[in-house]
Amino acid sequence: MEDCVFCGIVAGEHEAEVVLATDDFVAFLDQRPVFKGHVLLVPRQHVVTLPDLPAELRDGFLAAAQRIAAAVVSGLGAQGSFVAVNNTVSQSVPHLHLHVVPRTKGDGLRGFFWPRTKYADPSDRDHYAGLLRAALE
């Protein structure tokens, strides 16, 4: 896509610190990392969200994410990682990208990036689970 910064990185038109490049995917350092070594993994093909990712790319996308998650531990000395994908909401660039953020105990990141809540009562939980089960059928 013409105006997509990630497509520009994939095409070599925009600078990025590439850490992995395959026929289907490119991974590079996030320019505004949560922690140093924060990587973004993108498909070379312009795809906006995870549900848009073609079936033939799904396994390779997850395999590349696994390699990067292992590399932040072995290469950076992190104790683990936080892996996330935003779909539309909070997606700063409308091109599918998976975040791999190196984590170390005591790094200051607590849980998720947003406040957590609880279901008011078990019937609320059952209601939402039912809606999702119906949508997945």
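Note that the structure is a prediction, hence the values are computed from the model and not measured.

A.B. asks: Please explain the overall build of the protein chain as it appears in this structure.
C.D. replies: On a plain count of helices and strands, the protein chain comes out with 3 helices and 5 strands. In the protein chain, buried positions account for 32% of the 137 residues. For the protein chain, the computed accessible surface area is about 9400 Å², with 53% contributed by carbon and sulfur atoms. Distance between charge centres in the protein chain, computed from 12 positive and 16 negative side chains, equals 14 Å.

A.B. asks: What is the right way to read the state of the cysteines from this model?
C.D. replies: Should the sulfur atoms of two cysteines be covalently bonded, the bond is a disulfide. For the structure shown, the criterion picks out 0 disulfides. The thiol of Cys4 is not disulfide-bonded; the next cysteine sulfur, from Cys7, is found 3.7 Å away.

A.B. asks: What is the right way to read the side chain of Thr49 from this model?
C.D. replies: Within the fold, Thr49 resides in the loop between β3 (39–43) and α2 (55–76). Within the structure, Thr49 has its side chain in polar contact with the side chain of Asp52 (distance 2.8 Å). In this structure Thr49 touches Asn87, Thr88, Gln91 and Leu96, once residues within four positions along its chain are discounted.

A.B. asks: Help me understand α2 in this model?
C.D. replies: Side chains three or four residues apart in an α-helix point the same way, a direct result of the helix having 3.6 residues per turn. Between its first and last C-alpha atoms α2 spans 32 Å; for 22 residues at 1.5 Å apiece the expected length is 32 Å, and the two agree. Taken from the residues just after α2, Gly77 is the one with a positive phi, measuring 80°.

Basis of the calculations
Residues numbered from 1 in each chain as written. Predicted model: local features only at pLDDT ≥ 70, side-chain atom pairs only at ≥ 80, totals over all residues. Heavy atoms only, no water. Helix = DSSP H or I, 4+ residues; strand = E, 2+ residues; numbered from the N terminus. Buried < 20%, exposed > 50% of the residue type's maximum accessible area, 1.4 Å probe, protein only. Areas by Shrake-Rupley, 256 points an atom, 1.4 Å probe, with all protein chains shown as cover. Lys, Arg positive; Asp, Glu negative; His and termini not counted. Charge placed at Lys NZ, Arg CZ, Asp CG, Glu CD. Disulfide = S-S within 2.5 Å. Polar contact = N/O pair within 3.5 Å; in protein donor to acceptor, adjacent residues only side chain to side chain. Contact = heavy atoms within 4.5 Å. Expected span 1.5 Å × (residues − 1).

Everything listed here is a matter of geometry and, on its own, says nothing about what the molecule does.
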